[in-house]
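Chain by chain, the residues:
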Amino acid sequence: MINSEKNTENNSPQLWDGLWQKSPLIEEDIFDLAKEEHSIRWQRTEKAVVKQFGSFNGLKVIELGAGVGTNAALMAKRGAKITILDYSEGALRRAREFFERNGLSAEFIKQDALLLPANLLGKYDISMSFGLTEHFSGPARIKINKAHFDVLKDKGITFISVPNKYNLPYRIFKFLAETAGTWKAGEEYPYSRRELRKICKEIGITKYSFFGDSIFYSFNFISPLRIIKKLLKMDRDLSVLHLKKEKGTFLDQYLSYALVLYGKKSSLT
Ligand SMILES: C[S@@+](CC[C@H](N)C(=O)[O-])C[C@H]1O[C@@H](n2cnc3c(N)ncnc32)[C@H](O)[C@@H]1O
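Residues numbered from 1 in each chain as written. Predicted model: local features only at pLDDT ≥ 70, side-chain atom pairs only at ≥ 80, totals over all residues.

## Structural notes on the site of the ligand
- The full set close to the ligand counts 19 residues, and Trp-16, Gly-65, Gly-67, Ser-88 and Gly-131 are the nearest of them.
- A class-by-class count of the residues in the shell around the ligand yields 9 nonpolar, 8 polar and 2 charged. (Near = placed C-beta within 6 Å. Nonpolar A, V, L, I, M, F, W, Y, C, P; charged D, E, K, R; others polar.)

So this is what it looks like as structure tokens:
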């Protein structure tokens, strides 16, 4: 179905199946995992997990609306037991391929995250999503955030990474892509910290904080060099050796592209 106001398609398995149709080169899957591993978002996620649980070893982790499950793969690499959940067959095919190409394993479940079965509730130490909940509006927007807490054991933690309403490069890029008719990710409504706080209040979550990815990285959305390279379909530099650990700033949690809600179930401190 087309949302005529924004000329973007509604969130549906068919929309995502279309986006996950193509397989990139093996080298791209290996590079993309290494790239995320060098990101400040991952470094901050890893630090929070180690602080909470000591290590990843044996932790039960679920990534909701996982796509290829990049962050779950990084946790699998460190010994966590992974469940990949997505309602798109295409996403699950790509996730299986992505894990296999990176020498990792997981359980793969085809399931609508808004209709979670009882056997998944209260079962996980960590739940997370990276680019899922911004695709929902109305009551479903609260429900999809709540789902992250519903799957957690007592004392479990969640990471919900969403686009930040106050990241200007992303807003410019999205506006231009929608105007040009090249936007492919369907309905997408960025968040503010204020909205996330309101949702936490509504679902009874009191222990939470925010962090971000790198504000500097978001300038890639509007980098002329990047845009030209993309238009000319130039090859990406896939050398893992060129990657450097990203550094963060205190501004990231306010203005970067990815705004991460780090929440804890129950009265944990
Ligand atoms: C932007 S992608 C996530 C990308 C991912 N973080 C990665 O590393 O590849 C969003 C995913 O959410 C899935 N999704 C959207 N709505 C869903 C729902 N109700 N239940 C399960 N999955 C859903 C889509 O199929 C899609 O694969």
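## Observations regarding the packing of helix H6 (residues 139–150) against helix H8 (residues 193–203)
- Two numbers describe how H6 lies on H8: the axes approach to 10 Å, and their chain directions differ by 65°. Judged by the inter-axis angle, H6 sits roughly perpendicular to H8. With respect to the hand of their crossing, H6 and H8 are arranged in right-handed fashion. On the side of H6, the interface is formed by Ile-142, Asn-145, Lys-146 and Phe-149, while H8 contributes Ile-199, Glu-202 and Ile-203.
- Split by residue class, the contact of H6 with H8 holds 4 nonpolar, 1 polar and 2 charged. (Axes fitted to C-alpha atoms, helices over the stretch in contact; angles between N-to-C directions. Helix = DSSP H or I, 4+ residues; strand = E, 2+ residues; numbered from the N terminus. Parallel < 35°, antiparallel > 145°, perpendicular 65-115°, else oblique. Left-handed = near helix turned anticlockwise from the far one by under 90°. Contact = placed C-beta atoms within 7 Å.)

## With respect to the packing of helix H2 (residues 26–37) against helix H4 (residues 70–77)
- In the contact formed by H2 and H4, the axes pass within 10 Å of each other and the chain directions differ by 80°. Regarding the angle of H2 to H4, the classification is roughly perpendicular. Between H2 and H4, the contacting residues are Asp-32, Leu-33, Glu-36 and Glu-37 on the first element and Thr-70, Asn-71, Ala-73 and Leu-74 on the second.
- Tallied by class, the residues present in the contact of H2 with H4 amount to 3 nonpolar, 2 polar and 3 charged.

## A closer look at the environment of Gln-111
- As for its position among the elements, Gln-111 is in the loop between strand S5 (107–110) and strand S6 (124–130).
- Setting aside residues no more than four positions away along its own chain, Gln-111 makes contact with Leu-85, Tyr-87 and Leu-116.

## What about H6?
- Its 12 residues place the ends of H6 16 Å apart at the C-alpha level, agreeing with the 16 Å of an ideal helix rising 1.5 Å per residue.
- Where H6 is concerned, the buried positions are Ile-144, Asn-145, Ala-147, His-148 and Phe-149.
- On its buried face, H6 sits against strand S3 (60–64), S6, strand S7 (152–163), H8 and strand S9 (258–264). (Expected span 1.5 Å × (residues − 1). Buried ≥ 20, exposed ≤ 12 C-beta atoms within 10 Å, placed from the backbone.)

## Quick look at the environment of Asp-29
- Tracing the backbone shows Asp-29 in helix H2.
- Along the primary structure Asp-29 and Lys-155 are separated by 126 residues, whereas in three dimensions their C-alpha atoms are 33 Å apart.
- Beyond its immediate stretch of four places on either side in the chain, Asp-29 contacts Pro-24, Phe-98, Arg-101 and Asn-102.

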